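Summary of the model geometry
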Amino acid sequence: GDTDDAKRFSAALVLATYDPSEQDASDSRWPANATFIANYLISSVVTNLSDYDALVESLRPIRWELIDPIRTVFQDADRLESERTIATSILSIYAEDRPEILTDLILESNSRQYLALISKLTSRPAKAIPLLEAELEKQASDEATEQEKDELAARQANAAIALLGLEKGAATWQ
């Protein structure tokens, strides 16, 4: 029940403080628990925003294990907006030194998510710009469904806006 989940999450917080790189990667239990930890983290922060900094920092050592399940919340339009907002915020922190992840998140983002993420790329535009430009070069295949074409168009619109935001506007419109 809820008590067991709270204990499980508390154990994860304690265990995360140990350097995961020192553990045998083949014995890591993080992947099997990452979805639970990510969802519990997000719901805990939604319930009590004052816990945000402490929880996010406590789990930083295992952030690479948490990015994908947090990203699932980020992408899920059926989740509460508060959960998606918290997921976006956490991703912007956990992926701040990985411009390729931030760029991909920006391409998938809605307008609120975009604003929370773009500021993280402004310090590393050199790595993001080629990724954004490559997105603009993509073409939908002849077999692409209307939904796939719409998704590509939305990603390309985000790429063009991001390039403008990164002061790369001249190349965007050439």
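Up top is the structure these notes are about.
Residues numbered from 1 in each chain as written. Predicted model: local features only at pLDDT ≥ 70, side-chain atom pairs only at ≥ 80, totals over all residues. Heavy atoms only, no water.

This part takes up the overall build of the protein. Secondary structure summary: the protein contains 10 helices and 0 strands in total. Dimensions along the principal axes, computed over C-alpha positions, put the protein at roughly 55 × 35 × 30 Å. Taken over 174 residues, the protein has a buried fraction of 38%. Charged side chains in the protein number 17 positive and 31 negative. The centres of these two groups are separated by 3 Å. (Helix = DSSP H or I, 4+ residues; strand = E, 2+ residues; numbered from the N terminus. Buried < 20%, exposed > 50% of the residue type's maximum accessible area, 1.4 Å probe, protein only. Lys, Arg positive; Asp, Glu negative; His and termini not counted. Charge placed at Lys NZ, Arg CZ, Asp CG, Glu CD.)

Turning our attention to the environment of Thr 47. Here Thr 47 is to be found in helix H2 (residues 30-47). Linking Thr 47 and Ile 129, residues 82 residues apart in sequence, is a C-alpha distance of 37 Å. There is a polar contact of 2.8 Å between the side chain of Thr 47 and the backbone oxygen of Ser 43. (Polar contact = N/O pair within 3.5 Å; in protein donor to acceptor, adjacent residues only side chain to side chain.)

In this section: helix H7 (residues 111-121). Looking only at H7, the buried set comprises Gln 113, Tyr 114, Leu 117, Ile 118 and Leu 121. The arc enclosing the buried residues of H7, seen along the axis, measures out at 120 degrees, which places them on a common side. When the buried face of H7 is taken as reference, the exposed residues oriented beyond 90 degrees from it are Arg 112 and Leu 115. Lining the buried residues of H7 we find helix H4 (63-75), helix H5 (81-94), helix H6 (99-108), helix H8 (125-137) and helix H9 (146-165). (Arc of directions from axis to C-beta. Contact = heavy atoms within 4.5 Å.)

Our next topic: a nonpolar patch on the surface. A cluster of nonpolar side chains, contributed by Val 14, Leu 15 and Tyr 18, occupies part of the molecular surface with about 320 Å² of accessible area. Structurally, Val 14 can be placed in helix H1 (residues 2-16). (Patch = residues over 30% accessible without salt bridge, like charges linked within 9 Å, V, L, I, M, F, W, Y side chains within 5 Å. Areas by Shrake-Rupley, 256 points an atom, 1.4 Å probe, with all protein chains shown as cover. Salt bridge = Lys/Arg side-chain N within 4 Å of Asp/Glu carboxyl O.)

Moving on: the packing of H2 against H4. Relative to each other, H2 and H4 sit at 50 degrees, their axes nearing to 8 Å. With respect to each other, H2 and H4 are oriented oblique. Of the two elements, H2 crosses H4, and the hand of that crossing is right-handed. Here H2 contributes Trp 30, Pro 31, Ala 34, Thr 35, Ile 37, Ala 38, Asn 39, Leu 41 and Ile 42 to the contact with H4, which in turn contributes Glu 65, Leu 66, Pro 69, Ile 70 and Val 73. Classifying every residue of the contact of H2 with H4 by side-chain character gives 11 nonpolar, 2 polar and 1 charged. (Axes fitted to C-alpha atoms, helices over the stretch in contact; angles between N-to-C directions. Parallel < 35°, antiparallel > 145°, perpendicular 65-115°, else oblique. Left-handed = near helix turned anticlockwise from the far one by under 90°. Nonpolar A, V, L, I, M, F, W, Y, C, P; charged D, E, K, R; others polar.)

What follows concerns the nonpolar core. If you look at the biggest cluster of nonpolar residues, it comprises 45 residues, and the most contacted ones within it are Ile 37, Leu 41, Leu 59, Leu 66, Ile 70, Ile 90 and Tyr 94. Dropping the residues within four chain positions of it, Leu 41 is found in contact with Phe 9, Leu 55, Val 56, Leu 59, Ile 70, Ile 90 and Tyr 94. (Core = buried A, V, L, I, M, F, W, Y, C linked by side-chain atoms within 4.5 Å.)

Moving on to the side chain of Thr 88. Here Thr 88 lies in helix H5. Since its relative accessible area comes to 2%, Thr 88 is described here as buried. In this structure Thr 88 touches Phe 74, Gln 113, Ala 116 and Leu 117, once residues within four positions along its chain are discounted.

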